[in-house]
Amino acid sequence: MDLYFAPLSCSLASRITIYEAGLEARFHQVTLSTKHLATGESYLDINPKGQVPALRTADGAILTEGPAILQFLADRAPDSGLAPPAGTIARYSLMQWLNYIATEVHKGVFYTLFNPASPPAAKAFARDELLPIRYRYLTGHLTGRAFLLDTFTVADAYLLTTLNWAAPAGVDLAAWPVLDAWRTRLLQRPAVARAVGEELALRGAP
Ligand SMILES: N[C@@H](CCC(=O)N[C@@H](CS)C(=O)NCC(=O)O)C(=O)O
């Protein structure tokens, strides 16, 4: 398998999942500003949407959209528990969380905060109005719980990835102690620490 990624972007959740599942993959860094790979190849020839993640499966199929890729990866290692079995209510709960994180947190809040073209008023609305609603809901759910579902799943990998964006987006996660503590605890998982450490190094961060 081949994962196309950009360091510390939403594709980090796929790398975490690959490590948590013990899967083998090659990793190809995409320069999002130019849509090129290090080889000079155009990423648009692989994913015409120009966004990461994309996954080339062992069969050569190209999958895009993070929540689909995460579930595909989890299903390659069914004993990992990274996604509940298809057809169960727990699997639909997982999809519910993936959709919530993708639409309400990732795109609804952080897309606006990171987009240099967002007007200041839009950024202020995302940071001061929307984000607290999302974080209050997540705080309520995670209070007294170790994970979004009963055990660690790909939804946790995705939520953690977005919580990592709080500081660079100018959001003080210390103001959200349940989420801050949850993130700190998840960062201690060996697979998570490995994935985050590797991508921090690629970003040239300390
Ligand atoms: N709908 C896509 C969105 C993925 C996405 O927003 N990726 C960002 C990085 S977190 C990206 O590639 N941004 C560059 C761009 O949109 O051109 C998914 O869920 O996978």
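Residues numbered from 1 in each chain as written. Predicted model: local features only at pLDDT ≥ 70, side-chain atom pairs only at ≥ 80, totals over all residues.

What follows is about the domain arrangement of the chain. Per the domain assignment, the segments of the chain are domain 1 (2-81 + 192-203) and domain 2 (89-190). One C-alpha centre belongs to domain 1, the other to domain 2, and the line joining them spans 20 Å. Listed by partner, the interface residues are 16 residues for domain 1 and 16 residues for domain 2. (Domains from an automatic or database assignment. Contact = placed C-beta atoms within 7 Å.)

Sheet topology places strand β1 (residues 2-5) next to strand β2 (residues 26-31); four bridges connect them, and they run parallel. By the bridge assignment for β2, aspartate 2 is matched with arginine 26. Of the strand pairs in this sheet, β1 and strand β4 (residues 54-56) are connected by three bridges, and their pairing is antiparallel. Looking across to β4, one finds that tyrosine 4 is bridged to alanine 54. (Pairing = 2+ DSSP bridges. Helix = DSSP H or I, 4+ residues; strand = E, 2+ residues; numbered from the N terminus.)

Below, the discussion takes up the site of the ligand. Taken together, Ala6, Ser9, Cys10, Leu32, Gly50, Gln51, Val52, Glu65, Gly66 and Ala102 are the residues near the ligand. Taken together, the residues of the shell around the ligand break down into five nonpolar, four polar and one charged. (Near = placed C-beta within 6 Å. Nonpolar A, V, L, I, M, F, W, Y, C, P; charged D, E, K, R; others polar.)

Next up on the list: the sheet that holds β2. One open sheet holds the five strands; their spatial order is β3-β2-β1-β4-β5, and the pairing between them is mixed. Of all the strands in the sheet, the pair left with one neighbour each is β3 (36-37) and β5 (62-64).

Relative to the helices and strands, phenylalanine 5 resides in strand β1. Assessed through the 24 C-beta atoms surrounding it within 10 Å, phenylalanine 5 is described here as buried. Sequence-distant contacts of phenylalanine 5, defined by excluding residues within four places in its chain, comprise Ser11, Ser14, Arg15, Phe27, Gln29, Val30, Val52 and Pro53. (Buried ≥ 20, exposed ≤ 12 C-beta atoms within 10 Å, placed from the backbone.)

Right, let's talk about unusual backbone geometry for a bit. Cis geometry marks the peptide bond from valine 52 to proline 53; its omega dihedral reads 0 degrees. Positive phi is not limited to glycine here, since glutamate 65 has a value of about 80 degrees. Among the secondary structure elements, glutamate 65 is positioned in the loop between β5 and α2 (66-75). For glutamate 65, a count of 16 C-beta atoms within 10 Å corresponds to the partly exposed category.

A word on the packing of α2 against helix α3 (residues 89-114). Packed helices, taken two at a time, are described by their axes: the angle between them and the distance between them. Following both chains from N to C, one finds α2 and α3 inclined at 150 degrees, their axes separated by 10 Å at the closest point. As judged from the angle between their axes, α2 and α3 are roughly antiparallel. α3 is crossed by α2, and the crossing has right-handed handedness. Contacts from Gly66, Pro67 and Leu70 in α2 reach Leu98, Asn99 and Ala102 in α3. (Axes fitted to C-alpha atoms, helices over the stretch in contact; angles between N-to-C directions. Parallel < 35°, antiparallel > 145°, perpendicular 65-115°, else oblique. Left-handed = near helix turned anticlockwise from the far one by under 90°.)

Looking now at helix α4 (residues 120-142). A rise of 1.5 Å per residue sets the reference length of α4, with its 23 residues, at 33 Å; its end C-alpha atoms lie 31 Å apart and thus fit the reference within 8%. If you look at α4, its biggest bend is around 40 degrees, right at leucine 131, and the proline proline 132 turns up within four residues after that. All of the buried residues along α4 are Ala126, Leu131, Tyr135 and Leu138. Directly after α4, the chain includes glycine 144, whose backbone phi takes a positive value near 80 degrees. (Expected span 1.5 Å × (residues − 1). Bend = angle between axes of the 7 residues up to and from the residue.)

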